[in-house]
Amino acid sequence: MKRSNTKNSYPNWDIRESIKAYDIDKWGGKYFSLNKKGNITVSPDGTQDNNIDLLQLIKELKSREINPPLILRFNDILKNRITELNHVFEGAIKNYKYNNQYKGVFPIKCNHQKNFIEKILEFGDPWDFGLEVGSKSELIIGLSLLDNPNSLLICNGYKDNNYIEMSILARKLGKKPILVIEQIDEIPRIIECVNKLGDTPLLGIRTKLSSRSSGRWENTTGDSSKFGLSIPEIMITIKELEQANLLSELQLLHFHIGSQISDISIIKDALQEASQVFVELSKLGAPMKYIDVGGGLGIDYDGSQTTSSNSTNYTLQNYANDVVATIKDSCKIHKIDEPIIISESGRSITSHCSVLIFNILGTSNINYTIDKNFNNSNESLIISNLLQTLEEIKELDDTEEDYSKIIELWNDAKKFKNDSLATFRLGFMSLKERAFSEQVTWACAKEITNKLNVENINCPELSDIKDTLASTYYGNFSVFKSIPDSWAINQIFPIVPIHRHLEQPIFNGTFADLTCDSDGKLNNFIDNGNSKSLLKMHSFNNEEDYFIGIFLSGAYQEALGNLHNLFGSTNIIHIDITQNNNYKISNIIREDNKAEVLKKFDYSTEELIEKIRVNSELAINANKLSIEETRQLIGHIESSLRKSTYLSE
Ligand SMILES: *Cc1c(COP(=O)(O)O)cnc(C)c1O
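In what follows, the accompanying structure is described. These figures come from a predicted structure and were not determined experimentally.

1. Side note on the pattern of salt bridges
Where charged atoms from two side chains of opposite charge approach closely, those side chains can pair.
And step 1. Applying the stated criterion across every chain, the model contains 28 salt bridges.
And step 2. Residue Lys30 is joined to Glu84 by a salt bridge in which the shortest nitrogen-to-oxygen separation is 2.5 Å. Here Glu84 lies in helix H5 (residues 75-95) and Lys30 lies in the loop between helix H3 (24-28) and strand E1 (32-34), a separation of 54 residues in the sequence.
And step 3. Residue Glu84 is classed as partly exposed on the basis of its relative accessible area of 26%.
And step 4. Two residues, Lys584 and Asp576, come together in a salt bridge whose shortest N-O distance is 3.7 Å.
And step 5. Owing to a relative accessible area of 47%, Lys584 belongs among the partly exposed residues under this scheme.

If you want it as structure tokens, here you go:
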């Protein structure tokens, strides 16, 4: 079934309605919008001659045989985010007459992809942007890719002697690694390495703050947090460093109160406490030069500008202002030189630049047209009751202000449906009768929604009608690979069809992924400071592509994604947006094929094929399989191994 001319089919619908329905103007900012064709557009800076049509881009990728699911990565948005972060700090420094500079670092764990780190260093180079590492593998990336001698390399995480020695030697090489002491037992190891190599590392201390954090990462602060030194431990550290003649290398104080801090007052409290610790360290004789305020700078995923966990009640500029002003105040009171300010913002820099695109493979729509030919030959009372209920709903006056009659009838319908289930279970109802009773129940729900707009009325007794009629959209992707935080920590991302926005989305739906796991679904959507379980969706038919985008998904998802059901990495396409609404594909990272994914679990493809071949020979001998069929089977397996782990057309 082809859709007819969409423009005329929905007289009450245009892109303004769609922007409202999906809050695109709220979370999309200057980067994402809708064009006149009803397609989502992407722009690095919100200017008219600098935006591209996502649908067109995906179609052109498809004609190059690069198919969804895929990650689109917009280098220009990444550049814009890094530039803005540096600009807001420059602005705050100027505004508050702060007597030092800002030097950001990028926490590698947010996205390890080589091309990504290279781009960050390229775009951040004018501001000597550096890196933050939290493991030895990340340290090796940092040492290798960070060339700017003025950029910092902040070394966090657990450190063994190997880690410590690498950082000491890298300092001799001309890099600027700062070893941040996170655990008290790192000090003897540092002293041991210093004695062995005869050289010292630059040192920092990570402090545990007692200020509260909030939301998902609440446990990152406080006495029982996993990281950082308590105040008594800091006192011991100072003493030990002094004795080992290393206090002169202690230059940095670091704290990190968790990711996605929604409420700026929490950031302010932490800053105040940390600034005092900084001042005290200076007074104790450490030549303190840097204060590192960690990550936590949040993303307004739902655009509500609230303290909900999916939002933030502050802007980038608010954040920079508070950081700079608070540190300045503490230094001023205690007459201490203002330090270089470092922040480790990962989420804030990377979220906007990536969009995950997947296509819909099919839907399960509720069938609420009842079978006219159904013959209630058993004269089942339950079925008669259900049909009676349906008739009564149909006869209701739709201008009725009072919902009590509708509620009563809907409760009746649900009760009769439950009765039919019980009767079926006991063997007194046939499968056919059960199917019919379910259809009549759905027809009742549909009839109610025809009478009144269930979405707009605040009536808890009828709220399950929407869920009853919801459709499942089957998506060509894996939640576990591509959007793991939605499964692991219930994080919500803006999810929007990337086209058809001239058409009214008349269905309510959820998404199911390709995995055989009941958790492989998306049923939590942004809703202006809250969340909702159903998303507005368009009708689906097999003849037309229907593409869905998961936006603001550039932080953390790639490294956290796993191989559940052996769905591998997707294609990643790096796009440069050029003038006059054009674009260039600057880099493609190919998806995992099946052979590559199998290899990670120690399967050799040759061995797998060989075993099947041996089995086939036995089957040929037993006359179960022909030689031609064997050839076909092996052919399918061999070509499939070289191809995507996802579904193709
Ligand atoms: C994860 C992490 C960050 C990044 O936090 P965001 O909230 O993504 O900015 C920064 N610093 C440290 C120490 C971290 O562990």
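2. Some points on the sheet that holds strand E9 (residues 202-206)
And step 1. Taken in spatial order, the eight strands of this open sheet run E5-E6-E7-E8-E9-E10-E11-E12, and their pairing is parallel. Strands with a single pairing partner mark the edges of an open sheet, and in this sheet they are strand E5 (105-107) and strand E12 (340-342). Across the sheet, the mean angle separating the axes of adjacent strands is 25° when strand polarity is ignored.
And step 2. Looking at chain direction, strand E10 (residues 250-254) and strand E11 (residues 290-292) are connected through three bridges and run parallel. Considered in E11, the bridge of His254 is made with Asp292.
And step 3. Strands in contact with helix H10 (residues 231-243) are strand E8 (177-181), E9 and E10; relative to E9, the strand with the most contacts, it is inclined by about 165°.

3. Regarding the sheet that holds strand E2 (residues 40-42)
And step 1. Spatially, three strands are ordered E1-E2-E3 in an open sheet, and the strand pairing comes out antiparallel. A strand with exactly one partner marks an edge of an open sheet, and here the two such strands are E1 and strand E3 (52-53).
And step 2. Bridge analysis of E1 against E2 gives three bridges, and the strand direction is antiparallel. Its bridge partner lying in E2, Leu34 is registered against Ile40.

4. Quick look at the nonpolar core
Nonpolar side chains tend to gather and get buried jointly when the protein is soluble and globular.
And step 1. Counting residues in each nonpolar core, the largest one holds 135 residues, and the members touching the most others are Leu72, Phe74, Phe89, Phe511 and Phe551.
And step 2. Considering each element in turn, this core owes the most residues, 10 residues, to helix H11 (residues 264-283).
And step 3. Other than its neighbours up to four places away in sequence, Phe511 contacts Phe358, Ile360, Tyr473, Ile495, Gly520, Lys521, Leu522, Phe525, Leu535, Met537 and Ile548.
And step 4. Counting residues in each nonpolar core, the second largest holds 27 residues, with Ile383, Met429, Cys444 and Leu469 among its members.

5. Examining the site of the ligand
And step 1. Near the ligand there are 16 residues, and of these Lys109, Ser259, Glu344, Gly346 and Tyr556 occur at the shortest range.
And step 2. The separation between an oxygen atom of the ligand and a polar main-chain atom of Gly296 is 2.9 Å.
And step 3. Interatomic distance of 2.8 Å between a backbone N/O atom of Gly346 and an oxygen atom of the ligand.
And step 4. Here the ligand loses 92% of its free accessible area of 390 Å² to cover by the protein chains.
And step 5. Across the shell around the ligand, the residue classes break down as two nonpolar, nine polar and five charged.

What counts and how
- Residues numbered from 1 in each chain as written.
- Predicted model: local features only at pLDDT ≥ 70, side-chain atom pairs only at ≥ 80, totals over all residues.
- Heavy atoms only, no water.
- Salt bridge = Lys/Arg side-chain N within 4 Å of Asp/Glu carboxyl O.
- Helix = DSSP H or I, 4+ residues; strand = E, 2+ residues; numbered from the N terminus.
- Buried < 20%, exposed > 50% of the residue type's maximum accessible area, 1.4 Å probe, protein only.
- Pairing = 2+ DSSP bridges.
- Axes fitted to C-alpha atoms, helices over the stretch in contact; angles between N-to-C directions.
- Contact = heavy atoms within 4.5 Å.
- Core = buried A, V, L, I, M, F, W, Y, C linked by side-chain atoms within 4.5 Å.
- Near = heavy atom within 4 Å.
- Polar contact = N/O pair within 3.5 Å; in protein donor to acceptor, adjacent residues only side chain to side chain.
- Areas by Shrake-Rupley, 256 points an atom, 1.4 Å probe, with all protein chains shown as cover.
- Nonpolar A, V, L, I, M, F, W, Y, C, P; charged D, E, K, R; others polar.

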